[in-house]
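This is what each chain is made of:
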Amino acid sequence: MSRIQETFGQLMARHEKALVAFVTAGDPDPARSLEVIEALCDAGVDILELGVPFSDPTADGPVIQRSSGRALAAGMTLARVLEMTEKIRRFSQVPIVLFSYYNPILAYGLDRFYREAVASGADGVLVVDLPPEESDEMTSRWEGNALDVIRLVAPTTPMERMKRIAAEASGFLYLVSMTGVTGSGGLDLDEVSEVAGCLRSVSPLPICVGFGISTPEQTARVAGMADGVVVGSAFERVIEDNLDDPNLAGRVGTFAGALKEATRLVG
Amino acid sequence: MTTAATYGPLPDRRGHFGPYGGQYVAETLMPALLELEAAYREAKGDPAFQASFQELLAQYAGRPTPLFSARRLTASAGGAKIYLKREDLAHTGAHKINNTLGQVLLADWMGKRKVIAETGAGQHGVATATAAALFGMECKIFMGTEDVRRQAPNVQRMRLLGAEVVPVASGTGTLKDAMNEAMRYWVGAVRDTFYVIGSVAGPHPYPMMVRDFQRVIGDETRRQILDREGRLPDVLIACVGGGSNAMGLFYPFLDDPVEMIGVEAAGHGIESGKHAATLGAGTVGVLHGSKSYLLQDSGGQIQEAHSISAGLDYPGVGPEHALLKEQGRARYESIRDGEALDAFSKLSRLEGIIPALESAHAVAWALKEAARRPADQVIVVNLSGRGDKDLAIVAAALEMPDTKD
């Protein structure tokens, strides 16, 4: 059983929903990024999405774009993200999903990426600009299936397409909560509930909802409709607002703790 | 030489030109691209749609544009005969209008009333704003802050045409960043908004659709040169940023024994690292929805492009060009900023035609190419646009000789 499946099993037994935390690896620099991640793990985050910084993140809003910029300026590369994954494994067994645009993976080498990601202790990969139509070229180069491929479903995705995406997915399904980039406003919870219901009817996989969720209140409400809640830009905003604070990691940890609490109240 | 049998009908059903092209976008956009592709394939086969498009080209864009025999330019090069395909005489002053009329007509056909576009030099922005005005549509144009500064007259034109110009300050404030921002905006507005992409780049079906709308350049050139010379040209030359004017010129000749040369911007020189020669010095990767050649570092991060011409200042290139390069069907060369400026001045003085800086790159290569070919050969250069928008840049560059290269 994969670490991701195991985690959802345990959460269900505890009547909790998953808090999936996204941070850009290497933001604001590799050392402090690792401290932030340790604080997230200590705060009880259930799944870690580790963002591979990319120069042109067209599916992300300005907050994550700036976080990518800081990480790249601090010398972050995909190779260093994999080293960071190894280091995280020394203090945590939290499932790790590598969140990337396709080009850095393509430049790294598709089979080399798979080998080294598995060896580093990563559990899954989410390539935001690689729809099912194109993803065979990546996975067909892999020598096994030790990495879950997390798929996105959007509010614009029609039912037939949902079925097809669900059939090819593993780990969990990532439901984009709004028609927009990460961190944008205008979260429509009625729409989320409706799309989550459709998705639930076509797939037994856990459903995690993300994009635009930034407060414990929203987290609690979305947790009531899904198996997990993904928060990203809100963490990056805390990092960005506290770049010079020696207690940066502590602040991110406190915020994560409040969000995690919100996923416990729903069960 | 590639023939019809080897080139075949491209792209394939999934939008691939050999290993290039495709649809590398976030899931939110996939349904919109699939809808667009289906609508376009239907429109392409619909006689009423095609008749409307042809009528717009003839009655509104001013087509056909002339094929001009540039005698003084030819004499100055001292070799092969140079013809200029006068896309600078199309409405709005560049070939861009062919494509935007096609796409806005399609948007109208699909019932979408809002359009967005990205622009570098502003020619595509002006052409989109123009077509949107003609159809009474709401229009937003994303443009890098650096380009807003460099291309002020076109910003004024877009505003006069009723479009909202959205300055994009991220990155280097150029075309790449404008395209990022347009894609982001589209992700949020995809349900009622049509994205008018300005080159043969982006995700499928854009490279195919833009090529089809621009092939009128090559179709006309073919008829005109047969009429004038009684034979096909020996060489076609066009500048390549994203590559739409070049693709439009080349496409109808792909099965003919005609050489093709795409001219990229070498900026300060390829060795300087400050250039936009994607096919000449880039590597294969994925950006803005398709796989093609890119300017990138070894870690897959996109690098800045540089050219004195805002329209060529893009680190990617259309996927069909990547295939033509790989097949050896077309050759890709590059011209430095200073060489383009020289050609700009030369064409202005010798023929009374002030070319766009983009087109001046093609003219510069044509002068070299003509000089090494005999007088009985024929070269057609695509003069993709006129240079009014570039006067401030050219004046500043010519006054400061040290910025010429």
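Since we're looking at a predicted model, the values are computed, not measured. Counting from 1, residues in each chain are numbered in the order their sequence is written. Ligands are numbered from 1 and chains lettered from A, in the order in which they are written. Per-residue local features of the predicted model are confined to residues with pLDDT of at least 70, and side-chain atom pairs are confined, for both listing and counting, to 80 or more; whole-chain, interface and lining totals are unaffected and use all residues. Hydrogens are left out, water is left out, and the side-chain values use all remaining heavy atoms of the structure.

Caption draft 1: A look at the interface of chain A and chain B. Contacts were defined at the residue level, with two residues in contact if any of their heavy atoms lie within 4.5 Å. Counting residues at the interface gives 37 residues for chain A, matched by 33 residues for chain B. Each partner contributes to the roughly 2700 Å² buried at the junction of chain A and chain B, and carbon and sulfur atoms together form 50% of this total. When two parts are brought into contact, each loses some accessible area as probed by a 1.4 Å sphere; the total of that loss over both is the buried area. On the chain A side of the interface with chain B, the three residues burying the most area are A:Asp56, A:Thr58 and A:Glu134, jointly 21% of the side's total. Salt-bridge detection follows one rule: a side-chain nitrogen of Lys or Arg within 4 Å of a carboxyl oxygen of Asp or Glu. Taken together, chain A and chain B are joined by 5 salt bridges. The salt bridge involving A:Glu137 is made with B:Lys291; its shortest N-O contact spans 2.9 Å. Under the DSSP-based scheme used, a helix requires at least four consecutive residues in state H or I and a strand at least two consecutive residues in state E, with every element numbered from the N terminus. Those elements that place two or more of their residues in the side of chain A that touches chain B are α3 (62-73), α5 (102-108), α7 (132-139), β6 (151-153) and α8 (159-168) of chain A. Think of it as three bins: nonpolar holds Ala, Val, Leu, Ile, Met, Phe, Trp, Tyr, Cys and Pro, charged holds Asp, Glu, Lys and Arg, and polar takes everything else, Gly as well. The class makeup of the residues in the side of chain A that touches chain B is 21 nonpolar, 8 polar and 8 charged.

Caption draft 2: Quick look at the environment of B:Arg41. Residues and elements named next belong to chain B. Its location among the elements puts Arg41 in helix α2 (residues 30-44). Relative accessibility under 20% of the residue-type maximum defines a buried residue, over 50% an exposed one, and the middle range a partly exposed one, all with a 1.4 Å probe and only protein chains included. Assessed through its relative accessible area of 29%, Arg41 is described here as partly exposed. Note: C-alpha distance between Arg41 and Met209 (168 residues apart in sequence) is 9.1 Å. Residues in contact with Arg41, not counting those within four places in the same chain, are Asp12, Arg13, His204 and Met208.

Caption draft 3: Molecular detail of the pattern of salt bridges. One pass over the structure, following the stated rule, counts 56 salt bridges over all chains. Of the charged contacts, one joins A:Asp56 and B:Lys176 as a salt bridge, the two residues approaching to 3.1 Å between their closest N and O atoms. One end of the pair, A:Asp56, is in the loop between β2 (47-51) and α3; the other, B:Lys176, is in helix α9 (residues 175-189), on a second chain. B:Lys176 matches A:Asp56 in its accessibility class, with the two residues each being buried. When the shortest N-O distance is used, the salt bridge between B:Arg372 and B:Glu369 registers 3.2 Å. Residue classification places B:Arg372 among the exposed residues on the basis of a relative accessible area of 52%. A single salt-bridge network, built from bridges that share partners, covers A:Arg14, A:Glu16, A:Asp46, A:Lys260, A:Glu261 and A:Arg264.

Caption draft 4: Representation of the layout of surface pockets. All names here are of chain B. Buried and open spaces are told apart on a 1 Å grid over the protein atoms alone, a cavity being a set of points where a 1.4 Å probe fits but cannot get out and a pocket being an open set with protein on both sides within 12 Å along at least five of seven lines. Residues with an atom within 4 Å of a point are the lining residues. Grid points are joined across faces, edges and corners, and a volume is the space filled by probe spheres set on the points. Estimated volume of the largest pocket: approximately 450 Å³. Around the largest pocket sit 22 residues that line it, and Glu146, Arg149, Arg150, Ile308 and Ile393 are the ones nearest its centre. Elements represented by at least two residues in the lining of the largest pocket include exactly α7 (145-150), α8 (152-160) and α17 (391-399). If you tally residues by element for the lining of the largest pocket, the top one is α17, at 4 residues. Looking at the lining of the largest pocket, you find at least three residues from each of domain 1 (18-59 + 96-206) and domain 2 (62-93 + 214-398). Domain ranges listed in this record stem from an automatic or a database domain assignment.

Caption draft 5: Up close: the pairing of strand β8 (residues 207-210) of chain A. All names here are of chain A. Residues of β8 alternate between two faces, with Ile207 and Val209 on one and Cys208 and Gly210 on the opposite face, all of them buried. Note on pairing: DSSP must find at least two bridges between two strands before they are called paired. Strand direction decides the pairing type here: strand β7 (residues 173-176) and β8, joined by 4 bridges, are parallel. Bridging across to β8, Tyr174 finds its partner in Cys208. Following the chain from β7 across helix α9 (residues 189-202) to the adjacent parallel β8, one finds a crossover that is right-handed. When β8 meets strand β9 (residues 228-231), the two strands line up parallel, connected through 3 bridges. Bridge pairing links Gly210 to Val230 in β9. Seen with its strands pointing away from the viewer, a crossover is right-handed when the path leading from the first strand over the helix to the second is clockwise. You can see the chain leave β8, run along helix α10 (residues 216-223) and come back into β9, and the turn it takes is right-handed.

Caption draft 6: Molecular detail of the packing of α2(B) against helix α10 (residues 206-214) of chain B. All names here are of chain B. At a minimum axis separation of 11 Å, α2 and α10 run at an interaxial angle of 30 degrees. Accordingly, the angle class assigned to the pair α2 and α10 is roughly parallel. Classified by chirality, the crossing of α10 by α2 is left-handed. Note on element contacts: α10 touches α2 through Tyr206, Met208, Met209, Asp212 and Phe213, opposite Leu33, Leu36, Tyr40, Arg41 and Lys44. Class assignment for the residues of the contact of α2 with α10 results in 7 nonpolar, no polar and 3 charged. Inter-axis angles, ranging from 0 to 180 degrees, are taken between N-to-C directions of lines fitted to C-alpha atoms, where helices are fitted over the stretch in contact. Put simply, angles under 35 degrees are roughly parallel, angles over 145 are roughly antiparallel, angles from 65 to 115 are roughly perpendicular, and the rest are oblique. Left-handed is the label given to a crossing in which the near helix is rotated counterclockwise from the far helix by less than a right angle, and right-handed is the label when the rotation is clockwise.

Caption draft 7: Region of the structure containing the sheet that holds strand β12 (residues 289-294) of chain B. All names here are of chain B. A sheet is described by the order of its strands in space; here 4 strands give the open sequence β1-β2-β12-β11, paired in antiparallel fashion. One side of each edge strand has no neighbouring strand; the edge strands of this open sheet are β1 (16-17) and β11 (283-287). As paired elements, β11 and β12 share 5 bridges and run antiparallel to each other. Residue pairing for β12: Thr283 is matched across the bridge by Leu294.

Caption draft 8: Examining the environment of A:Asp111 more closely. Of note, A:Asp111 is situated in helix α6 (residues 110-120). The sequence separation of A:Asp111 and A:Glu143 amounts to 32 residues, and the corresponding C-alpha distance is 7.6 Å.

Caption draft 9: Expanded view of the side chain of B:Asn99. Mapped onto the fold, B:Asn99 is located in helix α5 (residues 96-109). If near-sequence neighbours (up to four positions away) are discounted, B:Asn99 is found in contact with B:His124, B:Ile197, B:Gly198, B:Val210, B:Phe213 and B:Gln214.

Caption draft 10: Structural detail: the UniProt feature "domain: Tryptophan synthase beta chain-like PALP" (unreviewed entry) in chain B. Here the UniProt-annotated "domain: Tryptophan synthase beta chain-like PALP" (unreviewed entry) positions come out as residues 60-385 of chain B. Annotated as 42% helix and 21% strand, the span residues 60-385 of chain B places its first and last C-alpha atoms 17 Å apart. UniProt positions are given in the numbering used here, feature names are shortened, and annotations may be inferred rather than shown by experiment.

Caption draft 11: Focus on empty space enclosed by the protein. Residues and elements named next belong to chain B. Applying the stated criterion across every chain, the model contains 8 cavities of 30 Å³ or more. If you trace the largest cavity, you find 32 residues lining it, with Lys96, Leu175, Gly198, Gly242 and Gly311 closest to the centre. Of all elements in the fold, only β5 (114-119), α6 (123-134), α9 and α12 (244-250) reach the threshold of two or more residues within the lining of the largest cavity. Residue composition of the lining of the largest cavity, grouped by class: 11 nonpolar, 16 polar and 5 charged. Each of two domains, domain 1 (18-59 + 96-206) and domain 2 (62-93 + 214-398), supplies a minimum of three residues to the lining of the largest cavity. What the second largest cavity holds in volume is close to 140 Å³.

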